[in-house]
Amino acid sequence: MVIGSALAKVAWLCYAFGVGFEDEIDDILRELVRERGAFAAGLADAGEDPFSEEDAQGRSKERMPLGGGTELVVLIDPSAVEDLKGAIERAARELRSCVRRWNPESLAGFQVLGRLPRGRTAILRRISRYLEAFVHVHGAACAVVLRGSQVLSWSGNLDEIRRERLPFLRKRVDAEAARKRGKTSHAEVHGEDVYARSFGFDGYLVVFFERPYSLDFVRYRARTVTRELALLLPHLDDDPPASTQIRPRPEPTS
């Protein structure tokens, strides 16, 4: 039993994160360019430049070797060189660790320019990968993510019968959360062929099964994957239509 659970865990990690290697690199670079003074970050062969002359104009270029003839190249404000050294070194360590885990054929070509938001399509694709991994590891018939009453993504066979059960399952989860209010803001429900839990802000994970399943294993990995999904769902929100309008201060009266 212990061996089986260990193999299942390895399969889960390989399937869920192995196929997301590019996403992991993207996350590291995006985190780096969030630092004040960092304009862009990219990976290139040693001595090569991943950025255009127009992008690099007037900016300092910091390089950090990653091994295997690849470098992390960061465009930064010249006045922020000292402030960003720590962040660049952390990013380089994370990138080296990522390379050791997945041993890709090449790293060159990855880059993030400015504080560009990740598109909705890319976010939904990443959510779908988590669901595919969940279905694959647990032999589930279908895994679904909802936000409120909206079905965002699913993997497996979401037929009409299962789709019609989603509103009822969501209400059951909400009722369970209301019953436990004060102890937790989220809840789970489960039956012979279904497991459902809430997460984040108005998020729900529902998993359908066609054969008996291990509740403990499903519960553990559901908590793991919903932690990741809770970080992704807010990025699906549209930006405000306009910046906040602030009225001018009234002139003081004499």
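These numbers were taken from a predicted model, which means no experiment stands behind them.

A. Region of interest: the pattern of salt bridges. The tally for this structure, following the rule as stated, stands at 14 salt bridges. When the shortest N-O distance is used, the salt bridge between arginine 162 and glutamate 210 registers 3.2 Å. One end of the pair, arginine 162, is in helix H6 (residues 160-179); the other, glutamate 210, is in the loop between strand E9 (203-208) and helix H7 (215-232), with 48 residues separating them in the sequence. Taking relative accessible area as the criterion, glutamate 210 reaches 65% and is therefore assigned exposed. Residue glutamate 176 is joined to arginine 179 by a salt bridge in which the shortest nitrogen-to-oxygen separation is 2.7 Å. You can see glutamate 176 and its partner arginine 179 sitting in helix H6, three residues apart, about one turn around the helix. Residue arginine 179 is classed as exposed on the basis of its relative accessible area, which comes to 60%.

B. The packing of helix H5 (residues 120-138) against H7, seen in detail. At a closest axis distance of 11 Å, the pairing of H5 and H7 adopts a crossing angle of 175°. Classed by the angle they form, the pair H5 and H7 counts as roughly antiparallel. Listed contacts from H7 to Ile123, Arg126, Ile127, Tyr130, Phe134, Val137 and His138 of H5 are Phe217, Val218, Arg221, Ala222, Val225, Glu228, Leu229 and Leu232. Looking at the contact of H5 with H7 residue by residue, the classes come out as 11 nonpolar, one polar and three charged.

C. Spatial organisation of H5. Along its 19 residues, H5 runs 27 Å from first to last C-alpha, staying within 8% of the 27 Å computed at 1.5 Å per residue. Trailing H5 by a residue or two, glycine 139 shows a phi angle of about 65°, which is positive.

D. Expanded view of the sheet that holds strand E8 (residues 194-199). The five strands lie next to each other as E6-E5-E9-E8-E7, forming an open sheet whose pairing is antiparallel. Edge positions in the sheet fall to strand E6 (150-156) and strand E7 (188-190), since each has one partner strand and no second. In this sheet, adjacent strand axes meet at a mean angle of 10° when their direction is disregarded. Alignment of strand E5 (residues 142-147) against E6, held across six bridges, turns out to be antiparallel. Paired with arginine 147 across the two strands is glutamine 150, which belongs to E6. Sitting on the sheet, H5 is in contact with E5, E6 and E9, with an inclination near 45° to E6. Lying on the sheet, H6 is in contact with E5, E6, E7, E8 and E9; it crosses E9 at an angle near 125°.

E. Just the pairing of strand E1 (residues 38-45), in detail. Taking burial as the measure, the eight residues of E1 include six buried ones, the bulk of the element. Two elements, E1 and strand E3 (residues 70-76), share seven bridges in a ladder whose sense is antiparallel. Residue pairing in the sheet places glycine 42 in a bridge with valine 73 of E3.

F. Region of interest: the nonpolar core. In this structure, Ile25, Leu29, Leu32, Leu43, Leu72 and Leu95 are the most contacted members of the largest nonpolar core, which totals 25 residues. Within the residue set of this core, elements represented by two or more residues are helix H2 (21-33), E1, E3 and helix H4 (81-102). The greatest single-element share of this core, amounting to eight residues, is contributed by H4. Judged by nonpolar contacts, the second largest core, of 23 residues, contains Val135, Val145, Leu152 and Val225.

Cut-offs used in this document
- Residues numbered from 1 in each chain as written.
- Predicted model: local features only at pLDDT ≥ 70, side-chain atom pairs only at ≥ 80, totals over all residues.
- Heavy atoms only, no water.
- Salt bridge = Lys/Arg side-chain N within 4 Å of Asp/Glu carboxyl O.
- Helix = DSSP H or I, 4+ residues; strand = E, 2+ residues; numbered from the N terminus.
- Buried < 20%, exposed > 50% of the residue type's maximum accessible area, 1.4 Å probe, protein only.
- Axes fitted to C-alpha atoms, helices over the stretch in contact; angles between N-to-C directions.
- Parallel < 35°, antiparallel > 145°, perpendicular 65-115°, else oblique.
- Contact = heavy atoms within 4.5 Å.
- Nonpolar A, V, L, I, M, F, W, Y, C, P; charged D, E, K, R; others polar.
- Expected span 1.5 Å × (residues − 1).
- Pairing = 2+ DSSP bridges.
- Core = buried A, V, L, I, M, F, W, Y, C linked by side-chain atoms within 4.5 Å.

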